[in-house]
Amino acid sequence: VNYGCLETMSSGTSKRSSGKLEQKTIAVIGAGMSGLGCARQLEGLFAHYRDKFRAEGQEAPKGVVVEGRSRVGGRVYSRGYQSDTSRSTLKRGNRCTAEMGGMIITGFDRGNPLNILVRGQLALDYHGLRPTTTIYDTNGEAVEQKRDQLAERLYNDILDRVSDYKFKTTPPATAEGDHEMVDACRDSHSEHGKTIAQIEEKAQLKAQRASADGTPAPFVAETVEVVPVSSDRLTGRAHMAPGTPAVHKAAYKARLMGWALKDGVEDDKDLELDNAVSAPGATLGSVMDTAISQYRDVVHILPLDLRLLNWHIANLEYSNAINYSQLSLAGWDVDAGNEWEGKHTQIVGGYQQVPRGLLHCPYPLDVQKNKVVMSIRSYDQTQSKAHILFRDSSTLSADIVVNTMPLGVLKSNTVEFSPSLPSWKAGAIGRLGFGILNKVVLVYKEPFWDATRDIFGVLREPLQRASLNQEHYSSNRGRFFQWFNATKTSGLPTLIALMAGD
């Protein structure tokens with residue numbers, strides 16, 4: 001697959017066209033990673049098939065990218081330091097930068113196209129993030145590793161048990177599926193991700209088992225469920241692996257994990273989450289809070305343990321950029337199992353080098369900046385082209401318009417579409433949501449932290465000090481819960497605090 005910053009050869013011997021041939025225009029709105037990637041891919045295809053276009057009596061289409069900001073990159077924005085950079089640790093030619101937006105390439109190995117783009121095509125320097133973490137308590141002292149591990153095991157077990165409920169829904173009586181979800185191009189969670197074809201094939205095999213000659217049908221393995229087995233301290237995402245959801249009783253599992261059971265608690269004591277799951281408006285957060293509360297009747301959970309549990313919850317909220325009380329119990333991890341594998345990575349000197357590379361290599365794309373789109377009028381019977389109107393009153397005509405504007409811009413209705421977007425598109429824009437992830441970048445003269453680690457966490461007190469009430473943690477756990485040591489990639493002693501929520 002040819003993608004990225006490649007110099008594409010023509011599909012044959014290029015011949016000069018005799019006279020002026022028709023040439024179409026494709027406009028890409030937005031110069032973020034998706035817009036630049038789209039434009040670069042189209043330019044490569046147009047160059048590759050230039051001779052075929054000319055054989056059909058037209059020039060290969062030309063592409064133009066329009067961007068509302070004065071820069072490229074979208075949410076990837078590396079801002080140069082204005083402070084003294086004479087003590088930088090970066091190689092000569094790299095600037096000292098602060099990552100104001102996206103900064104981590106998750107899963108850098110084995111298939112991630114950014115691996116090819118960064119290492120093979122742009123030859124950018126990068127730093128693989130180390131997952132080892134130190135968590136500091138509210139008094140500034142490092143939490144004992146054994147206690148930290150106990151809390152993490154309990155958190156992962158709770159996530160296992162809550163996630164188990166997505167596999168317990170009753171499947172539809174027929175393989176036809178939910179018409180509303182099919183019309184909305186969505187998969188039903190109650191189908192466990194199985195396609196209609198898989199269900200029909202399974203039914204056919206069952207019928208074949210009753211063949212006339214009595215020969216048994218070949219064995220077909222059942223679909224293996226994918227369940228969370230641990231949490232990623234760098235990204236907050238749940239690591240998924242094939243297996244069976246939580247099968248042991250809670251008390252027995254807690255004892256296996258190293259927790260001491262309360263007096264009188266037997267190994268067969270379990271959590272009862274059915275009522276919490278079936279309650280109106282149940283969410284991932286509401287059910288997990290119930291599980292934490294019930295585990296307090298099984299093992300001795302101290303205020304320190306609750307602070308540790310809520311650090312992991314805050315890490316999950318960081319991954320989703322929203323409070324977990326607003327996450328769907330059935331669908332919060334619908335993309336699980338599709339993540340890129342390998343180390344998480346940061347670009348030395350700034351992530352914005354990647355979109356800049358897409359812009360300039362192997363030759364510059366046609367990008368018009370400071371072009372804020374006001375309206376897009378599609379062609380109809382009276383006009384053969386689409387027309388884009390910008391805030392500065394200028395216009396652009398194009399045969400095809402590719403829209404990569406952010407979801408927030410689309411939800412704000414500041415861009416007029418004529419004709420209006422179809423209901424299935426407008427409905428999706430209205431239903432989709434996104435959260436807030438704030439960042440604070442702090443630069444120091446000298447690092448006072450362990451510079452050999454890329455990440456450390458800081459626990460937070462609940463609203464009421466030393467409280468054992470889980471509700472007292474919800475509004476306070478996500479503030480400054482995680483720090484990244486960005487010294488190696490920024491060039492100066494730098495800490496980046498990540499805060500989920502507003």
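Residues numbered from 1 in each chain as written. Predicted model: local features only at pLDDT ≥ 70, side-chain atom pairs only at ≥ 80, totals over all residues. Heavy atoms only, no water.

So, the overall build of the protein chain
Here is step 1: Within the protein chain, the secondary structure is distributed over 14 helices and 19 strands.
Here is step 2: By residue count, 41% of the 502 residues in the protein chain fall in the buried class.
Here is step 3: Once local pairs closer than 6 in sequence are excluded, the contacts in the protein chain between residues at least 24 apart make up 71%.
Here is step 4: Carbon and sulfur atoms provide 51% of the accessible area of the protein chain, an area that totals close to 27300 Å². (Helix = DSSP H or I, 4+ residues; strand = E, 2+ residues; numbered from the N terminus. Buried < 20%, exposed > 50% of the residue type's maximum accessible area, 1.4 Å probe, protein only. Contact = heavy atoms within 4.5 Å. Areas by Shrake-Rupley, 256 points an atom, 1.4 Å probe, with all protein chains shown as cover.)

Topic: the packing of aromatic side chains
Here is step 1: This structure, assessed with the given rule, holds six aromatic pairs.
Here is step 2: Judged by centre distance (5.2 Å) and plane angle (80 degrees), the ring pair of Y444 and F448 falls under edge-to-face.
Here is step 3: By relative accessible area, F448 is classed as exposed at 58%. (Phe/Tyr/Trp six-rings, centres within 6.5 Å; stacked < 30°, edge-to-face > 60°.)

Examining the sheet that holds strand β10 (residues 367–368)
Here is step 1: Strand order in the open sheet made by the four strands is β10-β2-β1-β14, with parallel pairing throughout. Only two strands of the sheet have a single partner each, and these edge strands are β10 and β14 (400–403).
Here is step 2: The pairing of strand β1 (residues 25–29) with strand β2 (residues 62–66) spans five bridges and is parallel. Bridging across to β2, V28 finds its partner in V65.
Here is step 3: On the sheet, helix α1 (residues 33–48) packs against β1, β2, β10 and β14 and is oriented at approximately 160 degrees with respect to β1. (Pairing = 2+ DSSP bridges. Axes fitted to C-alpha atoms, helices over the stretch in contact; angles between N-to-C directions.)

Describing the packing of helix α4 (residues 145–163) against helix α7 (residues 250–257)
Here is step 1: With their axes 10 Å apart at the nearest point, α4 and α7 run at an angle of 150 degrees to one another. In terms of orientation, α4 lies roughly antiparallel with respect to α7. Read as a crossing pair, α4 and α7 show a hand that is right-handed. In this structure, α4 contributes L150, R153, L154, D157 and R161 to the contact, and α7 contributes A250, K253 and M257.
Here is step 2: Counted by class, the contact of α4 with α7 contains four nonpolar, no polar and four charged residues. (Parallel < 35°, antiparallel > 145°, perpendicular 65-115°, else oblique. Left-handed = near helix turned anticlockwise from the far one by under 90°. Nonpolar A, V, L, I, M, F, W, Y, C, P; charged D, E, K, R; others polar.)

Brief notes about the confidence of the model for the protein chain
Here is step 1: Looking at the protein chain as a whole, the pLDDT averages 82, with 79% of positions reaching at least 70.
Here is step 2: Taken as a whole, residues 209–213 scores under 50 in pLDDT and shows two contacts with residues more than four places along the chain or in a different chain.
Here is step 3: Confidence drops under a pLDDT of 50 for residues 216–224, and excluding neighbours within four residues, the segment shows nine contacts in the predicted structure. (pLDDT = per-residue confidence, 0-100.)

Let's talk about the sheet that holds strand β12 (residues 386–390)
Here is step 1: A sheet is described by the order of its strands in space; here four strands give the open sequence β13-β12-β11-β15, paired in mixed fashion. On the outer flanks of this sheet lie β13 (395–398) and β15 (416–418), each paired with one strand and no other. Neighbour to neighbour, the strand axes of the sheet diverge by 15 degrees on average, direction disregarded.
Here is step 2: With three bridges joining them, strand β11 (residues 373–377) and β15 adopt parallel strand pairing. Residue pairing for β15: I376 is matched across the bridge by F417.

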